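# Summary of the model geometry
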Amino acid sequence: MDIAFDNSFHREMEGFYAPAEAAPPSAPKLLVFNQTLAGTLGLATADVDDDTLARLFSGQALPGGANPLAFAYAGHQFGHFSSQLGDGRALLLGEIVAPDGKRFDVQLKGSGPTPFSRNGDGKAAIGPVLREFLVSEAMAAMQVPTTRALAAVATGDRVQRERAHPGAVLTRIASSHIRVGTFQFFAAHLGAEHVVQLSDYTIRRHFPDLASAANPHLALLAAVIERQCVLVAKWMGLGFVHGVMNTDNVAVSGETIDYGPCAFMDRFAVNSVYSSIDANGRYAYGNQPAIMNWNMARFAEALLPAIHAVNPDDVEVAKKLVADVVEQFRTIWLATMRQKLGLGAPHSSDAGLIDGLFDALEQNGPDFTLFFRALATLLRGDATAIEALLPAPDAMAPWIAQWWAQLEREPINPVERAAAMDAVNPLYIPRNHKVEEALAAAEQGDLAPFLTLLDVVRTPYAERADRADYAQPGPRETAPYVTFCGT
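What comes next concerns the included structure. (Residues numbered from 1 in each chain as written. Predicted model: local features only at pLDDT ≥ 70, side-chain atom pairs only at ≥ 80, totals over all residues. Heavy atoms only, no water.)

## Things to note about the overall build of the chain
- A tally of helices and strands in the chain yields 17 helices and 11 strands.
- In terms of overall dimensions, the chain is globule-like: its C-alpha atoms have a radius of gyration of 23 Å, near the 23 Å expected for 487 residues.
- Its C-alpha atoms put the chain at 60 × 60 × 45 Å along the principal axes.
- Out of the 487 residues belonging to the chain, those deemed buried represent 57%.
- Counting every atom, the chain has about 19500 Å² of accessible surface; 53% of that belongs to carbon and sulfur.
- Averaged over its 38 positive side-chain charges, the chain has a centre that lies 2 Å from the centre of its 54 negative ones. (Helix = DSSP H or I, 4+ residues; strand = E, 2+ residues; numbered from the N terminus. Rg over C-alpha atoms; globule rule 2.2 N^0.38 Å. Buried < 20%, exposed > 50% of the residue type's maximum accessible area, 1.4 Å probe, protein only. Areas by Shrake-Rupley, 256 points an atom, 1.4 Å probe, with all protein chains shown as cover. Lys, Arg positive; Asp, Glu negative; His and termini not counted. Charge placed at Lys NZ, Arg CZ, Asp CG, Glu CD.)

Have a look at this one:
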């Protein structure tokens, strides 16, 4: 099977990557394939047998037209700068242009060592591969910008971590894999000329309208900041904790990338942390806006040589763009929450109502996802769902009264408003206990729980009577949930 690759990064950006090859797996076997995504990408795979797909999307066979390469990038990891990271276990096969004209990277993740592996094996275990497949598909279903998963293939080999695990390879689809860390690498090592080249390529690929700006590199900074504000606001609105917001995990396209130690909150707590390596809570739920701001400051620093080359005065403008991120995020965040709460036109009292909500959530610790569905049920005249989530039936009565009074400013039918809320507040998310059950079963060779959970999270808003248990949080008495990066 050939893929109609059009590999612009390989063609135009020599010196920004290292050629690499996959380590052929011993016995590839297709675990799951995203046929819907394949159709969107224009890949004619419907009649291709599973064995062929397994060989192509594990690295055993190279699709015609591929130019495999590993990206060079640096990054701040937990605040500390690493001047050389790069794709240590990922391999870009090439780029395809979908029928709608959009360009996408096709990347193997876990396909073996590259020149950037830094003594690592470059492999991936089945658990992290299936977690990324599952959570990225859930995010896409909830309209969050994200990389996607096309295929997961078992390799037939064992991967040694704290113990031996079955190996697997993920095929990841992204608008591109250009990261803040990519800019940092070339700013640190090769200077302004390379930063300008990378910025020009990024603009052509992701922001072509910016090419005519007075200073395209400054305009790129503003555009990336806006996308990151939107992305993190969407995460926060879903109770999502990324877990590893290092600058090498920040895609300039504005897509969520790298689903390692990530999780969704059950009971609300602003300091929720799920990463085994985030001992100080740097990337806790409530810290994500501040970390996004910090990451955008690092992006601005890396872009400054290109910005300065066009107009030295624009360096001060760039500084102001970063300084204004707090206010910009706040505006987007309030708009996100107004939609979740069923509020209509913006009002001066919105900020107080929304801030008060999070104070009340912190005090009472209800399930974050079910809380917003219960508010919609309350609009329909049924208080049982909201009361069941709280430590006492009237625990949030003052805030609910404020919310209700604000809703009454606009003559919208409560049932219609409730329906609009249910259309943006998911009922089904990748619940942590369900994810772990599915991954544990998959490691033992049983994919049924994973496939069922995948089916559930792909339709997150519509209630399904036969899937009621998938909407419920795990038992309260369980130990704190911990996730791992998988490297």
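## Considering helix α17 (residues 448–457)
- If you check which residues of α17 are buried, you get Phe 450, Leu 453, Leu 454, Val 456 and Val 457. Each buried residue of α17 sits inside an arc of 160 degrees when the element is viewed along its axis, so together they form one side.
- Where α17 is buried, its residues meet β2 (29–33), α4 (126–141) and α16 (432–443). (Arc of directions from axis to C-beta. Contact = heavy atoms within 4.5 Å.)

## Regarding the pattern of salt bridges
- Counting across every chain of the model gives 29 salt bridges.
- Where Glu 12 meets Arg 204, a salt bridge forms, and the shortest distance between an N and an O atom there is 2.8 Å. Of the two residues, Glu 12 is situated in helix α1 (residues 8–12) and Arg 204 in helix α6 (residues 192–206); the sequence distance between them amounts to 192 residues.
- A salt bridge links Glu 137 to Arg 458; the nearest nitrogen and oxygen atoms lie 3.3 Å apart. Of the two residues, Glu 137 sits in helix α4 while Arg 458 sits in the segment after α17, which places them 321 residues apart along the sequence.
- Sharing partners across several salt bridges, the network here consists of Asp 6, Arg 11, Glu 95, Arg 103, Asp 105 and Arg 205. (Salt bridge = Lys/Arg side-chain N within 4 Å of Asp/Glu carboxyl O.)

## Some words on the pairing of strand β6 (residues 90–97)
- Across the 8 residues that make up β6, a large majority, 7, are buried.
- In the sheet, β6 pairs with strand β7 (residues 103–109) via 7 bridges, with the strands oriented antiparallel. Across the sheet, the residue bridging to Leu 92 is Gln 107, located in β7. (Pairing = 2+ DSSP bridges.)

## A word on the packing of aromatic side chains
- Per the counting criterion, the structure on display carries 25 aromatic pairs.
- For the pair Phe 185 and Phe 186, a centre-to-centre distance of 4.9 Å together with 75 degrees between the ring planes defines the contact as edge-to-face. A single burial state applies to Phe 185 and to Phe 186, both of which are buried.
- With 5.4 Å between their ring centres and 90 degrees between their planes, Phe 371 and Phe 372 make a pair best called edge-to-face.
- Through successive ring pairs, a cluster of aromatic residues spans Phe 268, Tyr 285, Phe 329, Trp 333, Phe 358, Phe 368, Phe 371, Phe 372, Trp 399, Trp 403 and Trp 404.
- Sitting over the face of the ring of Trp 294, Arg 282 holds its NZ or CZ atom 4.8 Å from the ring centroid.
- Over the face of the ring belonging to Trp 294 we find Arg 298, whose NZ or CZ atom lies 4.5 Å from the ring centre. (Phe/Tyr/Trp six-rings, centres within 6.5 Å; stacked < 30°, edge-to-face > 60°. Lys NZ or Arg CZ within 6 Å of the ring centre and 35° of its normal.)

## Details of the side chain of Asp 258
- Its location among the elements puts Asp 258 in the loop between β10 (240–241) and β11 (263–264).
- Looking at Asp 258, its side chain comes within polar contact range of the side chain of Arg 172, at 2.8 Å.
- When sequence neighbours within four positions are dropped, the list of residues in contact with Asp 258 reads Lys 109, Arg 172, Arg 179, His 242, Asp 248 and Asn 249. (Polar contact = N/O pair within 3.5 Å; in protein donor to acceptor, adjacent residues only side chain to side chain.)

## Here's the deal with the packing of α6 against helix α7 (residues 216–237)
- α7 packs onto α6 with a crossing angle of 60 degrees between their chain directions and a minimal axis gap of 10 Å. In terms of axis orientation, α6 runs oblique to α7. Every pair of crossing elements has a handedness; the one defined by α6 and α7 is left-handed. Each of Val 196, Ser 199, Asp 200, Thr 202, Ile 203 and His 206 in α6 lies in contact with α7, whose residues at this interface are Pro 216, His 217, Leu 220 and Arg 227.
- Residue composition of the contact of α6 with α7, grouped by class: 4 nonpolar, 4 polar and 2 charged. (Axes fitted to C-alpha atoms, helices over the stretch in contact; angles between N-to-C directions. Parallel < 35°, antiparallel > 145°, perpendicular 65-115°, else oblique. Left-handed = near helix turned anticlockwise from the far one by under 90°. Nonpolar A, V, L, I, M, F, W, Y, C, P; charged D, E, K, R; others polar.)

## Some points on the side chain of Glu 132
- Residue placement: Glu 132 occurs in helix α4.
- Since its relative accessible area comes to 3%, Glu 132 is described here as buried.
- Engagement of the side chain of Glu 132 in a polar contact is seen with the side chain of Lys 109, the distance being 2.7 Å.
- For Glu 132, the contacting residues outside a window of four places in its chain are Lys 109, Thr 147, Leu 170, Arg 172 and Tyr 259.

## Observations concerning helix α5 (residues 180–189)
- Of all 10 residues in α5, 7 are buried; the element is thus mostly enclosed.
- Restricting attention to buried positions, one finds in α5 the residues Val 180, Gly 181, Thr 182, Phe 183, Gln 184, Phe 185 and Phe 186.
- For α5, the secondary structure elements touched by its buried residues are β4 (75–77), β5 (80–82), α6, α7 and α8 (288–310).

## Looking at the pairing of β2
- Counting buried positions along β2 gives 4 out of 5 residues, so the element sits mostly inside the fold.
- Inspection of the sheet shows β2 paired to strand β8 (residues 148–160) by 4 bridges, in the antiparallel sense. Bridging from a neighbouring strand, Lys 29 pairs with Ala 154 of β8.

## Some thoughts on the environment of Ala 345
- In this fold, Ala 345 is placed in the loop between α10 (325–340) and α11 (350–364).
- By relative accessible area, which is 48% here, Ala 345 ends up partly exposed.
- Spatially, the C-alpha atom of Ala 345 lies 8.5 Å from that of Glu 410, the residues being 65 residues apart in sequence.
- Excluding anything up to four places from it in sequence, Ala 345 contacts Asp 350 and Glu 410.

## Comments concerning unusual backbone geometry
- At Asn 119, a residue that is not glycine, the phi angle is positive and equals roughly 70 degrees.
- In this structure, Asn 119 sits in the loop between β7 and α4.
- Under the relative-accessibility criterion, Asn 119 is labelled exposed at 85%.
- Phi is positive for Asp 258, which is not a glycine, with a value near 70 degrees.

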